[in-house]
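# Summary of structural features
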Amino acid sequence: MPLNADGDVGYGSVSAGPGTVGLPGLAGNMCGTETVPLLMPEPEPEPYRWKPLSKAELEITAGSPGWKKFRSRLVILFWLTWLAMLGASIAIIVQSPRPVAPKLRWWQKVVFYRLQPALLMDSEGGAVGGFEVMRERLPYLKSVGVGALILEGVFPKSISPSNLTEFSHNIGTMPQFQQLLKEGHHAGMKFLLDLCDVEVLEQEPANTSEGLSDSSGYVQYSLKFWLEQGISGLAICDTDAAYSEKTLMEWKALLQQFSEQDNERVLVVREMTDSFVALNVSSGGLNASLVELTTRPLLPLSAHPLSAAEMASAVEEGLQTPRTEWPSWTVGGPVSPELQRISMVLLMTLPGTPVVSDGEEVTPAEKWRSAIGLFQSLSEMRAREEALLFGSFTFLPFNASSSTSPTPPLAFLRSWGCVHFLVLLNLGTEPHALSPDWAPSLPEGGVFVTSTGMDRLGAISLEALSLRPHEAIVIKLFEGGSYS
């Protein structure tokens, strides 16, 4: 039947006429026409809603081959990344420049202490010999940081080189000395004999060709005798007749015969000239390798205690003088009581080996109790800090124009690697505050290590620091930097 666009039969409809079999489900008395849609509309889908997997579903999904392979690859990727980062870190550490600690000998690490056994005996009323008093004081000396003793005045001044194996009769006997050495060695201490006050080489008339008698044989025998007893070295003065290349070569050869590992026998020379006058061994024809230590006075020799200005001038001049050999210092000239502790801080923080004299720094008397504490803190600090043992030295002069004091403070820096110690010395009678622009390359803060008053503790900002009159301070800086 043709579709009639104008009739009731609509487009897409079927007309049920006479003789037409009714469709199932329709009423049997259908009459007329009835339209039936050819296309049924599809139902709209429900909106998607996420639902978490159940435990069973999660176990099934996680156990699938795909997830197992993904997890194994993820673990492998993690370890490869970790190993790559570790290798890069090791490469950076290996290739980065770092300071190599020098191997120091025992005489470069210890604090030397000059001691006269006769004075100890007098201080104890003369009841026992000086060696016995020394033996009783060994634990105390070791506790404050002394590592080597230079024994002075043990021989009579009029002794002959032929009997240089005899002590002064009032300081003790040979068995007492041997017991002193035994207990001292057990405590890790070294002993040296000072020959400065002894004419070890007899002078002959000036018209002789040699100028010295043939006493070297006696001296060699005596020195060998003392080395066999266990002494670790000898000390002489640069004004002695023995201070010649010929004699020093003979003594050096003998010392080397008795040298052992960790117990090298050494020769120490005490310079008797003014402050910081370098011993020019080349001009005197001497080989510098013949002497391990040349101890120089830190301050000029004087008949009166040095003023703050004189001390500051001498120290500043010396600190700016370059040194090529291993230095060694003693205080030298006299200083006023208020400056003695400053000189102690200076002596123990400078590069090189300090040589301390008896009767000042470590005498166990009540009036020196706080000084003993300062000395002990300095010696312990020096023993454990590489920057103070062999670190670089940088002098930091204050700007005189910004200083209100007639005696500006002194300062220097000891550095090793990332560790830096700032030493500040105010020798004047007025307080001095650090200006912020004094040393802009320094870190802003640090922590107190020690001070002459033994009352500085904790962290400190350099901008807030004020030095008291006659005060010395040692500060360990927080941060690293380039100061050498």
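The rules behind the values
- Residues numbered from 1 in each chain as written.
- Predicted model: local features only at pLDDT ≥ 70, side-chain atom pairs only at ≥ 80, totals over all residues.
- Heavy atoms only, no water.
- Helix = DSSP H or I, 4+ residues; strand = E, 2+ residues; numbered from the N terminus.
- Buried < 20%, exposed > 50% of the residue type's maximum accessible area, 1.4 Å probe, protein only.
- Contact = heavy atoms within 4.5 Å.
- Areas by Shrake-Rupley, 256 points an atom, 1.4 Å probe, with all protein chains shown as cover.
- Patch = residues over 30% accessible without salt bridge, like charges linked within 9 Å, V, L, I, M, F, W, Y side chains within 5 Å.
- Salt bridge = Lys/Arg side-chain N within 4 Å of Asp/Glu carboxyl O.
- Pairing = 2+ DSSP bridges.
- Axes fitted to C-alpha atoms, helices over the stretch in contact; angles between N-to-C directions.
- pLDDT = per-residue confidence, 0-100.
- Parallel < 35°, antiparallel > 145°, perpendicular 65-115°, else oblique.
- Left-handed = near helix turned anticlockwise from the far one by under 90°.
- Right-handed = clockwise from strand over helix to strand, strands pointing away.

A separate point is the overall build of the protein. For the protein, the helix and strand inventory stands at 12 helices and 16 strands. Counting the 484 residues in the protein, one finds 42% classified as buried. Within the protein, contacts between residues at least 6 apart in sequence are counted, and of these 72% link residues at least 24 apart. For the protein, the accessible area works out to roughly 26800 Å², and carbon and sulfur atoms hold 57% of it.

Right, let's talk about a nonpolar patch on the surface for a bit. A surface patch of nonpolar side chains, about 700 Å² in accessible area, is lined by V75, F78, W79, W82, L83, L86 and I90. In this structure, W79 sits in helix α2 (residues 65–95).

Pairing is parallel around the closed barrel formed by eight strands, whose spatial order is β1-β2-β3-β4-β5-β6-β7-β8. When the angles between neighbouring strand axes are averaged without regard to direction, this sheet yields 30°. Judged from the three bridges that link them, strand β3 (residues 190–194) and strand β4 (residues 233–237) form a sheet pairing that is parallel. Residue pairing across strands places L193 opposite L234, the latter belonging to β4.

Before going further, it helps to examine the confidence of the model for the protein. With 73% of its residues at a pLDDT of 70 or more, the protein has an overall mean of 78. Confidence over residues 204–211 falls short of pLDDT 50; this stretch has four contacts with residues more than four positions distant or in other chains. Contacts of residues 275–285 to residues separated by more than four positions or lying in other chains number 26 contacts, the stretch itself having pLDDT below 50.

This brings us to the environment of L425. Relative to the elements of secondary structure, L425 occurs in strand β11 (residues 419–426). Residues L425 and L467, 42 residues apart in the sequence, show an inter-C-alpha distance of 8.1 Å. Setting aside chain neighbours within four positions, we find L425 in contact with I342, V345, L346, P409, L410, F412, E471 and A472.

With their axes 11 Å apart at the nearest point, helix α7 (residues 216–229) and helix α8 (residues 245–258) run at an angle of 25° to one another. In terms of orientation, α7 lies roughly parallel with respect to α8. For the element pair α7 and α8, the recorded crossing hand is right-handed. Across the interface between the two elements, S216, V219, Q220, L223, K224, L227 and E228 from α7 touch E250, W251, L254, L255 and F258 from α8.

Another point: the pairing of strand β8 (residues 353–357). Counting buried residues along β8, four of its five residues qualify, which places the element largely inside the surrounding structure. Here strand β1 (residues 112–115) pairs with β8 via three bridges, running parallel. Looking at the pairing, R114 lines up with S357 of β8. Sheet topology places strand β7 (residues 328–332) next to β8; two bridges connect them, and they run parallel. Note that in β8 the partner of S328 across the bridge is T353. Read from β7 through helix α10 (residues 337–349) to β8, the crossover connection turns out right-handed.

Further remarks concern the pattern of salt bridges. Tallied over the full model, the rule gives 14 salt bridges. Close ionic contact of R105 with E264 constitutes a salt bridge, the shortest N to O distance being 3.2 Å. Of this pair, R105 sits in the loop between α2 and α3 (106–109) while E264 sits in the loop between α8 and β5 (266–270), and the two are 159 residues apart along the sequence. Measuring nitrogen to oxygen at the nearest pair gives 3.2 Å for the salt bridge that ties R135 to E183. Residue R135 is located in helix α5 (residues 130–143), and its partner E183 is located in helix α6 (residues 174–186); the two are separated by 48 residues in the primary sequence. Since its relative accessible area comes to 23%, R135 is described here as partly exposed. Shared partners join several salt bridges into a network, and the residues in it are R114, E152, D194 and R270.

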